[in-house]
Amino acid sequence: EERVEVETQHDFSKQPPLLIYLPGLDGFGISATAQFDDLSSSYEFWRMSVDKGNVQISFSDLINSVVKFVKDATSSAEFIESPREVLLVGESFGGLLSCAVAMALTNIQSKKF
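Residues numbered from 1 in each chain as written. Predicted model: local features only at pLDDT ≥ 70, side-chain atom pairs only at ≥ 80, totals over all residues. Heavy atoms only, no water.

Considerations on the overall build of the chain
Put simply, the rule reads: The secondary structure listing takes helices from DSSP runs of H or I that are at least 4 residues long and strands from runs of E that are at least 2 residues long, numbered from the N terminus. Classification of residues uses two cut-offs on accessible area relative to the type maximum, computed with a 1.4 Å probe and protein chains only: under 20% is buried, over 50% is exposed, and between them is partly exposed. Exposure was quantified through the Shrake-Rupley algorithm and a 1.4 Å probe, taking into account, for residues, occlusion by the shown protein chains and nothing else.
The helix and strand tally for the chain stands at 4 helices and 4 strands. Counted from the first residue to the last, the chain has its helices and strands arranged as β-β-α-β-α-α-β-α. Within the span of the chain, comprising 113 residues, buried residues form 37% of the whole. Carbon and sulfur atoms provide 53% of the accessible area of the chain, an area that totals close to 6,700 Å².

In structure tokens form, the structure reads like this:
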């Protein structure tokens, strides 16, 4: 069962860099919500949220969920034809998670990260 949800607020008529926001321990990024509209005007903005009903999700599961999302997002024909940067932005605990995800993604070749 998928326990991590990623939401978008982007107009897909442009090809800006892909920005994935990883929240702190609250699991939603509530403190950064005011910045999301501005970020979505410059980036294809995605925000991870974690279901608080399942507090036993492991750090490895979080890493794997975000890595799977990035791999799926960057394997589309549209992305392959027009590669763009992928930025991971983490707040608090999300900063640690973004570093772990970046390390896991170093094994992916032929993509611009």
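Read on, since the account is not over.
Here we look at the nonpolar core
Selection criterion: Throughout, nonpolar core names a set of buried Ala, Val, Leu, Ile, Met, Phe, Trp, Tyr and Cys residues whose side chains join them through atoms within 4.5 Å. Should any heavy atoms of two residues lie within 4.5 Å, those residues are counted as being in contact.
In this structure, Ile 20, Met 48, Val 66, Leu 97 and Val 101 are the most contacted members of the largest nonpolar core, which totals 19 residues. Sorting the residues of this core by element identifies β2 (18-22), β3 (44-50), α2 (59-74) and α4 (93-105) as the ones contributing at least two each. Among the elements that take part in this core, α2 stands out by supplying 6 residues, more than any other. If sequence neighbours within four positions are ignored, Leu 97 has contacts with Leu 22, Met 48, Phe 59, Leu 62, Ile 63 and Val 66.

Topic: α4
Rules: Helix span, expected: 1.5 Å multiplied by one less than the number of residues in the helix.
The end-to-end C-alpha distance of α4 is 18 Å, a good match for the 18 Å that 13 residues give at a rise of 1.5 Å each. If you check which residues of α4 are buried, you get Gly 94, Gly 95, Leu 97, Ser 98, Ala 100, Val 101 and Leu 105. Residues of α4 that are buried in the fold lie against β2, β3, α2 and β4 (86-90).

A look at the pairing of β2
Selection rule: Strand pairing requires that DSSP identify at least two bridges connecting the strands. Orienting the strands away from the viewer, one traces the path from the first strand over the helix to the second; a clockwise path indicates a right-handed crossover.
Counting buried positions over the 5 residues of β2 gives 5, a clear majority of the element. Burial of β2 is two-sided: the residues Leu 18, Ile 20 and Leu 22 facing one way and the residues Leu 19 and Tyr 21 facing the other way are all buried. As judged from the 4 bridges shared by β2 and β3, these two strands associate in the parallel manner. Counterpart to Tyr 21 in the pairing with β3 is Arg 47. Each parallel crossover has a hand, and for β2 linked through helix α1 (residues 33-42) to β3 it is right-handed. By the bridge criterion, 5 bridges tie β2 to β4 in an arrangement that is parallel. Paired with Leu 22 across the strands is Gly 90, a residue of β4.

Digging into the pairing of β3
Burial analysis of β3 places 7 of its 7 residues in the buried class, the great majority of the element. Residues of β3 alternate between two faces, with Glu 44, Trp 46, Met 48 and Val 50 on one and Phe 45, Arg 47 and Ser 49 on the opposite face, all of them buried.

Brief notes about the packing of aromatic side chains
Using the following cut-off: Centres within 6.5 Å make a pair out of two Phe, Tyr or Trp rings, where for Trp the six-membered ring is used; the pair is then stacked when the planes are under 30 degrees apart, edge-to-face when over 60, and tilted otherwise.
Here the structure, examined in full by the defined rule, presents 4 aromatic pairs. Here the aromatic rings of Phe 36 and Phe 45 are separated by 4.8 Å at their centres, their planes lie at 40°, and the arrangement is tilted. Here Phe 45 falls in the buried class, since its relative accessible area comes to 1%.

Here's the deal with unusual backbone geometry
Positive phi values are uncommon outside glycine, yet Ser 92 reaches one of about 55°. Tracing the backbone shows Ser 92 in the loop between β4 and α4. Assessed through its relative accessible area of 62%, Ser 92 is described here as exposed.

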